[in-house]
Amino acid sequence: QVQLVESGGGLVQPGGSLRLSCAASGFTLDNYATGWFRQAPGKEREGVSCISSSDSSTHYADSVKGRFTISRDNAKKLVYLQMNSLRPEDTADYYCAAVGGWGDCPPSSYEYEYWGQGTQVTVSS
């Protein structure tokens, strides 16, 4: 059974840090591009970051560049999103996603094949 399970969300004060984890099972993570998305209440889903399967190159949304870092451990089938200097605008449900057959990250969220159920991140004082 193919599964993606996120964890690590919670409540944090502005300026704080959180590390999100995405555990994959049922497929070989090495051949999949993986990404993180988020959706805040009343807003559209947006891409946060992605890491390719070909050379592990990374991409970031302008809003998080310099603050967030995506990484992966293929042996452990884990994808991480380290979030530093968190802001209230980062509050959202965060989802990990994966798609095979891509050397680089796909151009949109519609190409992703597998999705986790999400983990909530709240940044508030």
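Rules and cut-offs
Every residue gets a number counted from 1 within its own chain, in the order that chain's sequence is written. With pLDDT at 70 or above as the cut-off, local features in this predicted model cover only qualifying residues; side-chain atom pairs require 80 or more to be listed or tallied, and sums for whole chains, interfaces and linings still use all residues. Each side-chain value is worked out from all heavy atoms of the structure, with water and hydrogens disregarded. When a residue's accessible area, from a 1.4 Å probe over protein chains only, is under 20% of the maximum for its type it is buried; when over 50% it is exposed; and in between it is partly exposed. Numbering of helices and strands runs from the N terminus; a helix is a DSSP stretch of H or I covering at least four residues, while a strand is a stretch of E covering at least two. Pairing between two strands requires that DSSP report at least two bridges joining them. Pairs of cysteine sulfur atoms within 2.5 Å are what we label disulfides. Under the rule applied, a polar contact is a pair of N or O atoms within 3.5 Å (in protein, one hydrogen donor and one hydrogen acceptor; residues adjacent in sequence only if both atoms are side-chain atoms). In what follows, residue pairs with any heavy atoms lying within 4.5 Å of each other are defined as contacts. Under the pairing criterion, centres of Phe, Tyr and Trp rings, with the six-membered ring standing for Trp, must be within 6.5 Å; the plane angle then separates stacked pairs below 30 degrees from edge-to-face pairs above 60, leaving the rest tilted. Should the NZ of a Lys or the CZ of an Arg lie within 6 Å of a ring centre and within 35 degrees of the ring normal, that charge is described as sitting over the ring.

We now examine the pairing of strand β4 (residues 32–39). Counting buried residues in β4 gives 7 out of 8 residues, a clear majority hidden from the surface. Relative to strand β9 (residues 92–100), β4 is paired through 8 bridges, and the arrangement is antiparallel. Bridge pairing in β9 links Tyr32 to Gly100. Between β4 and strand β5 (residues 46–51), which pair antiparallel in sequence order, lie 6 residues; one of them, Gly42, sits at a positive phi of approximately 75 degrees.

Looking now at the state of the cysteines. On inspection of all chains with the given rule, the structure shows 2 disulfides. Each sulfur in the disulfide pair Cys22 and Cys96 lies 2.1 Å from the other. Its torsion about the S-S bond being 60 degrees, the disulfide of Cys22 and Cys96 is classed as right-handed. Within this pair, whereas Cys22 is found in strand β3 (residues 18–25), its partner Cys96 is found in strand β9, the two being separated by 74 residues in sequence. Owing to a relative accessible area of 2%, Cys22 belongs among the buried residues under this scheme. Two residues share a disulfide in this structure: Cys50 and Cys105, whose sulfurs sit 2.0 Å from each other. Taking the sign of the S-S torsion, -105 degrees for the link of Cys50 and Cys105, the bridge is left-handed. One end of the pair, Cys50, is in strand β5; the other, Cys105, is in the loop between β9 and β10 (114–115), with 55 residues separating them in the sequence. Each member of the pair, Cys50 as well as Cys105, is classed as buried.

Another aspect to go through is the side chain of Gln82. Structurally, Gln82 can be placed in strand β8 (residues 78–83). In terms of polar contacts, Gln82 uses its side chain to reach the side chain of Asn84, at 2.9 Å. With near-sequence residues (within four places) excluded, Gln82 lies in contact with Ser17, Leu18, Arg19, Arg67, Phe68 and Thr69.

Glancing now at the packing of aromatic side chains. Overall, the coordinates contain 6 aromatic pairs when judged by the stated rule. The interplanar angle of 45 degrees and the centroid separation of 4.9 Å between the aromatic rings of Phe37 and Trp115 together place this pair among those described as tilted. Of this pair, Phe37 sits in strand β4 while Trp115 sits in strand β10; the two residues are 78 residues apart in sequence, bridging distant segments of the chain. A connected cluster of aromatic rings, assembled from ring pairs, spans Phe27, Tyr32 and Tyr114. The ring centre of Tyr80 lies 5.4 Å from the NZ or CZ of Arg19, which sits over that ring.

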